Amino acid sequence: MRIVSNAVSQEFARKVAAEDVTVAEWCFMRVLFDVDAMPPSALAEKMGMTKGAISKLADRLLAKGLLQRAENRQDKRAHSLSLTAAGRAKVPILASLADENEVACFGVLTKQEHETLDLILRALVERRELKTVPVE
């Protein structure tokens, strides 16, 4: 399992690196793609990460112009994060790379093998309550 996991992860990391994004940044962007804006604390909970890790990822994406930060008018200490237009435009490109990576890695399986693998992995995620994403 470790060999497969490493191969899949490393290949995907190479693909997204060509878009100047890390896997963790892609996961962060994917979560924000479905919402207008989200406070870092909610993002941390949704992704199973610490606020510190979210802050580091946000800083990197802000520097790349893919993320924007907006202050809360009622509470100057609070803010929300959202994707910029460039960030929103990049998510479908990265999603396509994720799909291509899945096909490249798992396309050798029969439909039944793929369904069985999917069932087993979903069971592991559910029973182990896994929800964290990679952070470099």
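Higher on the page you've got the structure.
Throughout what follows, the structure given in this document is the object of discussion. Residue positions are given per chain, counting from 1 as you read along its sequence in written order. In keeping with the model being predicted, local features are shown solely for residues with a pLDDT of at least 70 and side-chain atom pairs are shown and tallied solely at 80 or more, while totals for entire chains, interfaces and linings include all residues. Note: side-chain values were computed over all heavy atoms of the structure, leaving out hydrogens and water.

The subject of this paragraph is the overall build of the protein. Note on conventions: DSSP H or I runs of at least 4 residues are helices, E runs of at least 2 residues are strands, and numbering of each starts at the N terminus. Scanning the protein for helices and strands turns up 6 helices and 2 strands. Reading the protein from its N end, one meets helices and strands in the order α-α-α-α-β-β-α-α. Each principal axis of the C-alpha atoms in the protein carries an extent, and together these give about 55 × 35 × 25 Å. Under the scheme applied here, a residue whose accessible area is under 20% of the maximum for its type counts as buried, over 50% as exposed, and between as partly exposed, the area being computed with a 1.4 Å probe on protein chains only. When the 136 residues of the protein are sorted by exposure, 27% land in the buried category. Pairs of residues are marked as contacts when any of their non-hydrogen atoms sit within 4.5 Å. Residue pairs in contact within the protein that sit at least 24 positions apart in sequence constitute 60% of those at least 6 positions apart. Calculation of accessible area relied on Shrake-Rupley with a 1.4 Å probe; when residues are assessed, cover is drawn exclusively from the protein chains displayed. Of the roughly 9,200 Å² that the protein leaves accessible, carbon and sulfur atoms contribute 55%. Between the mean site of the 20 positive side-chain charges and the mean site of the 19 negative ones, the protein shows a separation of 5 Å. Counted as positive: Lys and Arg. Counted as negative: Asp and Glu, with His and the chain ends omitted from the count. By convention, the charge on Lys lies at NZ, on Arg at CZ, on Asp at CG and on Glu at CD.

The rule for a salt bridge is simple: a side-chain nitrogen of Lys or Arg has to be within 4 Å of a carboxyl oxygen of Asp or Glu. Scanning the entire structure with this criterion turns up 8 salt bridges. A salt bridge links Arg 14 to Glu 11, with the nearest nitrogen and oxygen atoms 2.7 Å apart. Pair noted here: Arg 14 and Glu 11 are both in helix α1 (residues 2–17), with a separation of 3 residues, about one helical turn. Sharing partners across several salt bridges, the network here consists of Glu 25, Arg 60 and Lys 64.

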